[in-house]
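Analysis of the macromolecular model
Residues per chain are reported as follows:
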Amino acid sequence: MLLVLALIVPAVSGCSGYRPAPKAFHEATIQPYRLDSGDRLRITVFEQAGLSNTYSIDQAGYVAFPLVGAVPARGKTLQELEGIIAGKLRQGYLRDPDVSIEIDRYRSIYIMGEVGQAGQYSYVAGMTIQNAIAVAGGFSPRANQGDVDVTRKINGKIITGRVSISDPILAGDTIYVRERLF
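Residues numbered from 1 in each chain as written. Predicted model: local features only at pLDDT ≥ 70, side-chain atom pairs only at ≥ 80, totals over all residues. Heavy atoms only, no water.

1. Some thoughts on the overall build of the protein
Secondary structure summary: the protein contains four helices and ten strands in total. Ordered by position in the sequence, the α and β elements of the protein form the string α-α-β-β-β-β-α-β-β-β-α-β-β-β. Counting over 182 residues, the protein shows a buried share of 36%. Considering only contacts within the protein whose residues lie at least 6 apart along the sequence, 53% involve residues at least 24 apart. (Helix = DSSP H or I, 4+ residues; strand = E, 2+ residues; numbered from the N terminus. Buried < 20%, exposed > 50% of the residue type's maximum accessible area, 1.4 Å probe, protein only. Contact = heavy atoms within 4.5 Å.)

2. Considering the sheet that holds strand S1 (residues 40–45)
If you trace the three strands from one edge of the open sheet to the other, you get S2-S1-S5, paired in antiparallel fashion. The sheet terminates laterally at strand S2 (53–56) and strand S5 (99–105), the two strands that pair on one side only. Between one strand axis and the next, the sheet turns by 30 degrees as a mean value, whatever way the strands run. In the sheet, S1 pairs with S5 via six bridges, with the strands oriented antiparallel. Looking at S5, one finds that Arg42 is bridged to Glu102. Helix H3 (residues 78–90) rests against S1 and S5 of the sheet, and its axis sits at about 130 degrees to S5. (Pairing = 2+ DSSP bridges. Axes fitted to C-alpha atoms, helices over the stretch in contact; angles between N-to-C directions.)

3. Some remarks on the packing of aromatic side chains
Counted by the stated rule, this structure contains three aromatic pairs. With centroids separated by 5.1 Å and ring planes inclined at 90 degrees, the aromatic side chains of Tyr33 and Tyr106 adopt a geometry described as edge-to-face. Separated by 73 residues along the polypeptide, Tyr33 in the loop between helix H2 (23–27) and S1 and Tyr106 in the loop between S5 and strand S6 (109–113) bring together distant segments of the chain. Tyr106 gets classed as partly exposed once you look at its relative accessible area, which sits at 23%. Here the aromatic rings of Tyr106 and Tyr123 are separated by 5.1 Å at their centres, their planes lie at 80 degrees, and the arrangement is edge-to-face. A residue pair is termed long-range when its members are at least 10 positions apart, and Tyr106 in the loop between S5 and S6 and Tyr123 in the loop between strand S7 (119–121) and helix H4 (129–135) qualify at 17 residues. One aromatic cluster is present, formed by Tyr33, Tyr106 and Tyr123 through successive ring pairs. (Phe/Tyr/Trp six-rings, centres within 6.5 Å; stacked < 30°, edge-to-face > 60°.)

4. Here we look at unusual backbone geometry
The residue Leu67 is not glycine, and still its phi comes out positive at about 75 degrees. For Leu67, the location among the structural elements is in the loop between strand S3 (62–65) and strand S4 (69–72). Residue Leu67 is classed as exposed on the basis of its relative accessible area, which comes to 51%. Although it is not a glycine, Asn155 sits at a positive phi angle of roughly 50 degrees. Relative to the helices and strands, Asn155 is located in the loop between strand S8 (147–154) and strand S9 (157–164).

5. With respect to the pattern of salt bridges
The final tally for this structure, using the stated rule, is 14 salt bridges. Salt-bridge contacts for Glu179 lead to Arg142; the nearest nitrogen and oxygen are separated by 3.6 Å. With Glu179 in the segment after strand S10 (174–177) and Arg142 in the loop between H4 and S8, this residue pair connects regions lying 37 residues apart in the sequence. Overall, the relative accessible area of 47% leaves Glu179 in the partly exposed class. A salt bridge links Arg178 to Asp149; its shortest N-O distance comes to 3.6 Å. In this pair, Arg178 is assigned in the segment after S10 and Asp149 in strand S8, connecting sequence segments 29 residues apart. Exposure remark for Asp149: the relative accessible area of 15% places this residue in the buried category. (Salt bridge = Lys/Arg side-chain N within 4 Å of Asp/Glu carboxyl O.)

6. Brief notes about the environment of Arg105
With respect to the secondary-structure elements, Arg105 resides in strand S5. As for Arg105 and Arg40, which are separated by 65 residues in sequence, their C-alpha atoms are 5.0 Å apart. Leaving out residues up to four positions away in the same chain, Arg105 has contacts with Gly38, Asp39 and Arg40.

See below:
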C-alpha cells in the first residue's frame, strides 16, 4: 500500500506544477511595441524618395539603412528608432530629416500542441490567443480549452506562463495548447 502511495503522490503533484504568468507578463501587452528580428518596417524620410522603403530587422537586431549603415533596432520603440535614424542622417547627410516609421509586417507567432494545424503564423495587432488558435485550425478533440501556456520575451528574458485563451498575444509569442487529462 505504501509503495502504491509513493508512486501516486509524485504523479499527482506533477499535474499541478505549472507556473502562472507573472505580473510583467500581462504588463507587456500594454507597453509600447518593441521591435525585434523578423519585423519589417516601412521607413519614410519626407521628400527623400531614395531613402523611403521597406526594411527588415535582421537576426542581429539591426536595420541596414542607406547612407548611415546598420542601425540598432532590437528593443526600440518606433519613436526611438525614428529619432536614431534622424540623428544619424543629420550627421552630414540631411539638414533636418523628417523620419516616420510604421510596421509593415510583424514577426510571426508560433502555435503548438493540441490544435488543428500547428505551425508558424502571421501576427495581427490586437490578436488574442483564441484568434490565434482559430487561425491554426481550432482546438483538437483532446485539447484543454480553458488556458494555454505562452512563452514570451520580456526585457531580454524568455518567460513562460499559463494564461486564459481570452488574453492578448504579442508578436513573437509561442502558444502551447496542452492536452486535457480526461
